[in-house]
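Listed below are the residues making up each chain.
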Amino acid sequence: FQVITGGHYDVDCRLEDPDGAVLYKEMKKQYDSFTFTASRNGTYKFCFSNEFSTFTHKTVYFDFQVGEDPPLFPSENRVTALTQMESACVSIHEALKSVIDYQTHFRLREAQGRSRAEDLNTRVAYWSIGEAIILLVVSIGQVFLLKSFFSDKRTTTTRVGS
Amino acid sequence: VGSERGHRGCRGDGGSGPGPTPCPPRRCPPGNYRTQLWDKQSESFLPSTPGLGMHVEVKDPDGKVVLSRQYGSEGRFTFTSHTPGEHQICLHSNSTRMALFAGGKLRVHLDIQVGEHTNNYPEIAAKDKLTELQLRARQLLDQVEQIQKEQNYQRYREERFRMTSESTNQRVLWWSIAQTIILILTGIWQMRHLKSFFEAKKLV
């Protein structure tokens, strides 16, 4: 699993077997991968939790693979060893699988960067608008404040440095 | 995508298993689901839930609704999309009876098929009458096609990113110029206003 968006990009994760025994439990992890052999049949549960976060939502990517790839052929005629061509095909297949894994990783990184950039964009936009408004308010306020120093009281010839 | 008590399971980014996956335009993964309702008396999930309706809604990366249909308690759905990127698949039940409140739970089995590893190769071999080597070559071709599609998607993303960067650059430039002008104008206005004020007060 990997956390894509939100806060510090971390999440709690827990994995339980059908009896409720905890197989894997980690708090506040950004990404991890876990392999295990199932000891019995049943429903295994995994749970992601964001309870520790006050108000950020998280998006979590996860995938799981159960067992090996299904064999290409029904195993009735699998008595001879693989020919050279066939074993070449098998190794290309495995290499391509790892290429696809790397692509997934890269795609997740891109999604993560994009969401961070969009969040930054919104924050900068609001900040700039707020700053411009404050600028105007402060400069107009300064003038009227200064004027009010001189309006109410009888003024002596106090020099006003500015 | 699980549903408990609130009977609304959402925000599953569509893709292989769950997870954001670029959807090649015009050909999108079929999904199928099955629901089971919790039975308090027997303390287990009933094998099927007749009469429960599930509403499936799919949104494409731009937020446009691509599929919005009502299905029964089990169903298959497919959709086509023309934009690559993260889709959202949302399943929610609209049943008000069926005791889904106060301790009710609904278990949803969801299967979304994407990618070459969901192809059924023995079936393909039988249908097209392929030898073993041809079948292996076909599998490798499918994998390579998937890699190509992903690379296309990354190229599209890079292009979008470049356009966004350039537009941001422009906007920052104009904004800085505008802000400097505002600053200067405000300063000038302040000086003139105060000057005329002091002159009126006969202080200068």
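About the criteria used
Residues numbered from 1 in each chain as written. Chains lettered and ligands numbered in written order. Predicted model: local features only at pLDDT ≥ 70, side-chain atom pairs only at ≥ 80, totals over all residues. Heavy atoms only, no water. Contact = heavy atoms within 4.5 Å. Salt bridge = Lys/Arg side-chain N within 4 Å of Asp/Glu carboxyl O. Polar contact = N/O pair within 3.5 Å; in protein donor to acceptor, adjacent residues only side chain to side chain. Helix = DSSP H or I, 4+ residues; strand = E, 2+ residues; numbered from the N terminus. Buried < 20%, exposed > 50% of the residue type's maximum accessible area, 1.4 Å probe, protein only. UniProt positions renumbered as here; feature names shortened; annotations may be inferred. Core = buried A, V, L, I, M, F, W, Y, C linked by side-chain atoms within 4.5 Å.

### Quick look at the interface of chain B and chain A
In step 1: At the interface, 39 residues of chain B touch 42 residues of chain A.
In step 2: For the interface between chain B and chain A, the tally reads three salt bridges.
In step 3: With a closest N to O distance of 2.8 Å, R107(A) and E150(B) form a salt bridge.
In step 4: Joining chain B to chain A, the criterion identifies seven residue pairs in polar contact (both at pLDDT 80 or more).
In step 5: At the level of secondary structure, the elements contributing two or more residues to the side of chain B that touches chain A comprise α1 (121–128) and α2 (132–200) of chain B.
In step 6: If one sorts the elements of the side of chain B that touches chain A by residue count, α2(B) sits on top with 27 residues.

### Quick notes on unusual backbone geometry
Residues and elements named next belong to chain A.
In step 1: Phi is positive for Y9, which is not a glycine, with a value near 55 degrees.
In step 2: Structurally, the position occupied by Y9 is in the loop between β1 (2–5) and β2 (11–16).
In step 3: On the basis of relative accessible area, Y9 is assigned to the buried category, the value being 11%.
In step 4: The phi dihedral of K28 is positive, around 50 degrees, even though this residue is not glycine.
In step 5: Inspection of the secondary structure assignment puts K28 in strand β3 (residues 22–29).

### Structural notes on the UniProt feature "transmembrane region" (unreviewed entry) in chain A
In step 1: Sites flagged by UniProt as "transmembrane region" (unreviewed entry) map to residues 124–146 of chain A.
In step 2: Here residues 124–146 of chain A is 100% helix and 0% strand, with 32 Å between the C-alpha atoms at its ends.

### Quick notes on the nonpolar core
In step 1: Counting residues in hydrophobic clusters, the biggest one holds 14 residues, and the most contacted among them are Y33(B), V56(B), L67(B), F77(B), I89(B) and L91(B).
In step 2: Residue assignment for this core shows that the elements contributing at least two residues are β5 (54–59), β6 (65–71), β8 (88–93) and β9 (105–112) of chain B.
In step 3: Ranked by size, the runner-up nonpolar core spans eight residues in total, among them F1(A), V3(A), Y24(A) and F62(A).

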